[in-house]
Amino acid sequence: MNLLFPKLKSIERFPLFLLRSYLVPANLPQNATSYSNLIEEFTKFCYERDLPRSINAMKCLENHGLMADSVAYSELIKSCISKKAIEEGKLVHKHLLSNGNQPKSFLLSMLVNMYVKFNLLGEAEKLFDKMPERNVVTWTTMISAYSNAKIGRKALEFLILMLRDGVIPNMYTFSSVLRACDGMLSLRQIHCGLFKYGLESDVFVRSALIDVYAKWGELDNALAVFEEFVTGDLVVWNSIIGAFAQNSDSDEALNLFKRMKRAGFAAEQATLTSTLRAVTGLSLLELGRQVHVHVVKYDQDLILNNALLDMYCKCGGLDDARLFFTQMKERDVITWSTMIIGLAQNGFSKEALSLFEKMKQTGTKPNYITIVGVLFACSHAGLLEEGWYYFQSMKKLFGVDPGREHYGCMIDLLGRAGKLDDAVKLLHEMNCEPDVVTWRTLLGACKIHKNAEIAIYSAKKILKLEPDDVGTYILLSNIYENSQRWEDAMNVRKTMKERGLRKEPGCSWIEVDKRIHAFIFRDTSHPQIDDIIRELNRLVLKLRGIGYIPETNFILQDVEGEQKEDSLQYHSEKLAIVFGLMSLPRESVIRIRKNLRICGDCHLFAKLVAKTEKRIIVIRDQVRYHHFQDGKCSCGDYW
DNA sequence: CTAGGGTTAG
């Protein structure tokens, strides 16, 4: 009887009752009383996702030249993928091709996908090339693989090959290939393709489109895609909110968040994470606390908790941040890095470094960004020796090559110590091209140590890279004027005029009673502006009594370029400080956020106010934090 | 069988 089936390679879809009656038990493995039982066993194990037993049974099948139904194999492949069982997956592949079998094409597609999930792109490609027929799923699997592996060129190439093959792309194809776009040209072409195939309203496609436009900084286009249809999908909302939050348009991100809630959607993890980022960008501590209430529901979400921790760090709520950090049940590199950087930026460098030691003890491996934070802490505290130690041994200790940001910290550290020549030397030794931020760091050191020559040198480099940087033009022209190089100064002003550049007005804001009060230089629209100015004048008079002299000559410091004493007096941060004094209870901290760098005079003013009025003032300017307390600032007068 | 959103940086 066994001879009836000697050449039978595949018994899929063969009625089992027939097998039962014809098969003769021979050489049977354990746990199976006949071939049919063996196949049934195998199938059962596959459906139960019992990987070890399935593989054993599969080996028995192979020994007997038998095959089961394709559906069983698809379950088996899924098991291998979910358990990341690479060796077992390869065995399944071998089994499916054993005895010259030609598996169903969907099984081959699944195998391709399996190799992709195992990060064995080469294997996937080999199998893909050998396939007798490729459908949209097979092509999409490969395209998605290349997109994920950030080999965008290959993904786009495969889309073209697929179209040439006459295969019609679907929404899966598009949402994969969109992420592979390498610029506006390919993105626009793909976007057109969406209309051609009538896929422009698919929510997966739309969220991918929004993300990609946002990635290339095209927020208008991202918003246009978003507004095209009324959105009933939370992920699309999350995409558009994230788009603005990640591109530092926090205002718009918060507006969209409000719109989403009004439209009746409940914020969940990704929504809240983006919203917190927007809140952080605007330094709105009280609003952040309100968001915290919603986060409690997802207190096991690490990403969200990290965003919340960062919010407390960057909004001046450092005590809240410390408390929250100690209470966190789970911490990853980002958690530690966020806290280290938060401490360092707020002027607690020693604490940041000891936290770094603690982090190493817990076995969390520091990454590139952690070390930026550590070096930043060193530079902030003037720890020249420690900084050099970490900088020189980071490769050996943590396996991280020093990058632009690490050099930046070291240039800052040397610059702060007055070793400007060493800083320049290090800048030229960098293993990568210095960027604007690197040059600005050097320029910052020049401002403190009043080195006009290197300042001009770095300013020119900055303007070459960023020809619209108003602050640097003004600074450069001020330096020239101060050195009586009138013609050079005039040329700088002329260039500015030609480029149509105007100084961005200084703007400071403060949260009082859940409202944000913004003060813009020379703007008098605040309802209490008269009271504020009266109080400010009174305060200046009082401070003059104890020796305050408005500093009018910040040639190298005042990037706003205001030289006159009366203009200085009404800088936006001064108005915000006075308003804070007037409207916040005595015990509360005055937290202010400014769009530009704080000027030297306002810095001095804040220190003295903190002393005479016995208040803590925290000002976060464009890049740095200033905690004013008892006549001193956490930045140590270096910024 | 193939596709979507979130966290740390000088």
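Counting restarts for each chain, with residues numbered from 1 along the sequence as it is written. Chains and ligands are labelled sequentially in the order written, the chains with letters from A and the ligands with numbers from 1. Only residues with pLDDT of 70 or above have their local features reported here, since the model is predicted, and side-chain atom pairs are shown and tallied only from 80 upward, although totals for entire chains, interfaces and linings are computed over all residues. Computation of side-chain values covers all heavy atoms of the structure but excludes hydrogens and water.

By the naming in an unreviewed UniProt entry, chain A goes by Pentatricopeptide repeat-containing protein At2g03880, mitochondrial and is assigned to Spinacia oleracea. UniProt positions are given in the numbering used here, feature names are shortened, and annotations may be inferred rather than shown by experiment. UniProt, in the comment section headed Sequence similarities (unreviewed entry), describes chain A in these words: "Belongs to the PPR family. PCMP-H subfamily."

Colleague: Please explain the nonpolar core as it appears in this structure.
Modeller: Soluble, globular proteins show a tendency: their nonpolar side chains are buried together. With 165 residues, the main nonpolar core has F42, Y73, L76, I240 and L442 as its most contacted residues. By the convention used here, residues are in contact when the closest approach between their heavy atoms is within 4.5 Å. Apart from residues no more than four positions distant in its own chain, L76 is found in contact with F42, C46, L51, S54, I55, M58 and V92. Take the buried Ala, Val, Leu, Ile, Met, Phe, Trp, Tyr and Cys residues and link them wherever side-chain atoms come within 4.5 Å; each set so joined is a nonpolar core. Exposed residues in this analysis have more than 50% of their type's maximum accessible area, buried residues have under 20%, and partly exposed residues fall in between, with area computed by a 1.4 Å probe over protein chains only. Listed in part, the 32 residues of the second largest apolar core include A576, I592, I598 and I619.

Colleague: Mind showing me how you'd approach the sheet that holds strand β3 (residues 590-594) here?
Modeller: Read from one edge to the other, the open sheet built from 6 strands follows the order β2-β1-β3-β4-β5-β6, with strand pairing classed as mixed. With partners counted over all chains shown, the strands left at the sheet margins are β2 (515-520) and β6 (632-633), one partner each. Following DSSP output, two strands are said to pair if at least two bridges run between them. Only DSSP runs of H or I covering at least 4 residues are called helices, and only runs of E covering at least 2 are called strands; the numbering of each starts at the N terminus. Looking at chain direction, strand β5 (residues 625-629) and β6 are connected through 2 bridges and run antiparallel. For Q629, the partnering residue across the bridge sits in β6 and is K632. Lines fitted to the C-alpha atoms define the axes, with helices restricted to the stretch that makes contact. Angles between their N-to-C directions range from 0 to 180 degrees. Sitting on the sheet, helix α32 (residues 572-583) is in contact with β1 (507-512), β2, β3 and β4 (617-620), with an inclination near 15° to β1.

Colleague: Looking at this structure, I do not really get the UniProt feature "repeat: PPR" (unreviewed entry) in chain A. What am I missing?
Modeller: Look at the UniProt record and you will see "repeat: PPR" (unreviewed entry) annotated at residues 69-103, 135-169, 233-267, 301-331, 332-366 and 469-503. Its end C-alpha atoms 12 Å apart, residues 233-267 is made of 74% helix and 0% strand. Helix and strand shares over residues 332-366 are 77% and 0% respectively, and the end C-alpha atoms of the span are 10 Å apart.

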